[in-house]
2 protein chains.
Amino acid sequence: MEQRISFITLGVDDLQAMKEWYTEKLGWTPEKTDSEGIVFFHLNGCILGLYPATELAADIGVPAAGTGFRRVTLAHNLRSEAEVDALFGELETRNVQIVKRPEKVFWGGYSGYIADPEGNYWELAYNPFALPDAAGNMPGHK
Amino acid sequence: MEQRISFITLGVDDLQAMKEWYTEKLGWTPEKTDSEGIVFFHLNGCILGLYPATELAADIGVPAAGTGFRRVTLAHNLRSEAEVDALFGELETRNVQIVKRPEKVFWGGYSGYIADPEGNYWELAYNPFALPDAAGNMPGHK
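Residues numbered from 1 in each chain as written. Chains lettered and ligands numbered in written order. Predicted model: local features only at pLDDT ≥ 70, side-chain atom pairs only at ≥ 80, totals over all residues. Heavy atoms only, no water.

Below, the discussion takes up the sheet that holds strand 5 (residues 72–78) of chain A. Reading across from one edge, 6(A)-7(A)-8(A)-5(A)-1(B)-3(B)-2(B) is the order of the 7 strands in this open sheet, with mixed pairing throughout. The sheet terminates laterally at strand 6 (97–104) of chain A together with strand 2 (39–42) of chain B, the two strands that pair on one side only. The sheet shows a mean angle of 20° between the axes of neighbouring strands, taken without regard to direction. Bridging between strand 6 of chain A and strand 7 (residues 110–115) of chain A involves 5 bridges; their strand directions are antiparallel. Bridge pairing links A:Glu103 to A:Ser111 in strand 7 of chain A. Its contacts with the sheet place helix 1 (residues 15–25) of chain B against strand 1 (7–12), strand 2 and strand 3 (47–52) of chain B, and it is angled at close to 155° to strand 3 of chain B. (Pairing = 2+ DSSP bridges. Helix = DSSP H or I, 4+ residues; strand = E, 2+ residues; numbered from the N terminus. Axes fitted to C-alpha atoms, helices over the stretch in contact; angles between N-to-C directions. Contact = heavy atoms within 4.5 Å.)

So, on to the pattern of salt bridges. Applying the stated criterion across every chain, the model contains 18 salt bridges over all chains. A:Arg4 is paired through a salt bridge with A:Glu2; the nearest N and O atoms lie 2.3 Å apart. A:Glu90 is the partner of A:Arg94 in a salt bridge, and the nearest nitrogen-oxygen pair spans 2.7 Å. Using a relative accessible area of 33% as the deciding quantity, one classes A:Glu90 as partly exposed. If you follow the salt bridges from partner to partner, you end up with A:Glu2, A:Arg4 and B:Arg79 in one network. (Salt bridge = Lys/Arg side-chain N within 4 Å of Asp/Glu carboxyl O. Buried < 20%, exposed > 50% of the residue type's maximum accessible area, 1.4 Å probe, protein only.)

Here B:Asp59 is to be found in helix 2 (residues 53–60). Since its relative accessible area comes to 18%, B:Asp59 is described here as buried. With residues up to four places along the chain from it excluded, the contact list for B:Asp59 reads A:Lys100, A:Tyr113 and A:Glu123.

Take the relation of the copies chain B and chain A next. The operation relating chain B to chain A is a screw motion whose rotation component is 180°, with 0.0 Å of axial translation and a residual RMSD of 0.0 Å. Within this description, the copies of the chain are treated as partners about a two-fold rotation axis. When C-alpha positions in chain B are compared against the rotation axis, the closest is assigned to B:Arg70, at 2.4 Å. The residues that chain B uses at the interface reappear at the interface of chain A in 100% of cases, marking a shared surface. (Least-squares fit on C-alpha atoms with pLDDT ≥ 70 in both.)

Moving on to the interface of chain B and chain A. Taken together, the 67 residues of chain B in the interface contact 67 residues of chain A. Together chain B and chain A conceal approximately 6200 Å² of surface at their shared face, both sides included; 52% is due to carbon and sulfur atoms. Of all residues in chain B, B:Met1, B:Arg4 and B:Arg71 bury the most surface against chain A, accounting for 17% of the area lost on that side. Across the contact surface, chain B and chain A share 8 salt bridges. Across the chain B-chain A interface, the total number found is 42 residue pairs in polar contact (both at pLDDT 80 or more). With 7 residues, the single largest contributor to the side of chain B that touches chain A is strand 5 (residues 72–78) of chain B. Among the residues making up the side of chain B that touches chain A, the classes are represented as 38 nonpolar, 18 polar and 11 charged. Note that strand 4 (residues 66–68) of chain A and strand 4 (residues 66–68) of chain B share 3 bridges and pair antiparallel. Directly across from A:Gly68, in strand 4 of chain B, lies its bridge partner B:Gly66. (Buried area = accessible area lost by both parts, 1.4 Å probe. Polar contact = N/O pair within 3.5 Å; in protein donor to acceptor, adjacent residues only side chain to side chain. Nonpolar A, V, L, I, M, F, W, Y, C, P; charged D, E, K, R; others polar.)

Residues and elements named next belong to chain A. The full count for this structure, using the stated rule, is 12 aromatic pairs over all chains. Relative to Phe41, the ring of Tyr22 has its centre 5.8 Å away and its plane inclined at 35°; by these criteria the two rings are tilted. With Tyr22 in helix 1 (residues 15–25) and Phe41 in strand 2 (residues 39–42), the pair connects residues that are 19 residues apart, well separated along the chain. Each of the two residues, Tyr22 as well as Phe41, counts as buried. What links up through ring pairs into an aromatic cluster is the set Trp21, Tyr22, Trp28, Phe41 and Trp122. (Phe/Tyr/Trp six-rings, centres within 6.5 Å; stacked < 30°, edge-to-face > 60°.)

All names here are of chain B. Burial runs high along strand 8 (residues 121–126): 6 of the 6 residues are buried. Of the two faces of strand 8, both are covered, the one formed by Tyr121, Glu123 and Ala125 as well as the one formed by Trp122, Leu124 and Tyr126. Bridge count for strand 5 against strand 8 is 5 bridges, and the pairing is parallel. Along strand 8, the bridge assignment pairs His76 with Leu124. Linking strand 7 (residues 110–115) back to strand 8 in an antiparallel pair, the connection comprises 5 residues, with Gly119 at a positive phi of about 80°.

This is the structure we're talking about:
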């Protein structure tokens, strides 16, 4: 199995509200699609999908109920501590939920967390060992 | 905020067992790292991390408890229905848990699901509208 990921799909309750958050708060551009009922954001190499949680669970064939920590975080790395601070500042003016303000962390970086309106966590981090290249990819990308 | 993802981190209970599953069942190669206690797999553009769930929750500052559907799926797209069938066949010989055998789906593709030992779902799919390019990236990658 080749070492790649094509989609990350988040199961959502309110597709329209989540689409608006990613477009209006993060400033991202969704893919144009004729399909109603699903939203795609093209990232570096893979696609982030938003899809109703009940339909996602049904597609897998598992119960849709779940509570508490989802055991997954997404991270967006930046190129300096100043970039991290600037992004947190900008998101705060847009009333994005700040879960943890950026701070120096034990592994040598500088990192904090935001949450989308349905509690998916995004870490915004400066990691001197994992600086995005010009295309936004992690170094060592084959 | 640039439209990119750097890390997907899965919170795990048994780091060693999960590392072995991704390396032995999927055949993936972890990054060499001096750090114990975390495992990285370099994908196309981003990195998949495995990290103890309790430490991940503590890093965010939220309770680690959670049950049921995690509202996230990861997908690995292939280039034909035959490739999907071949991969499911190969994984089955390695005793990977098949959650849903591949079948034709309403959006025009061919897709099934496997699960890792801690219940994270991977969709393995042929999607004629989202064929990986030669580098494994989704088409339209900017």
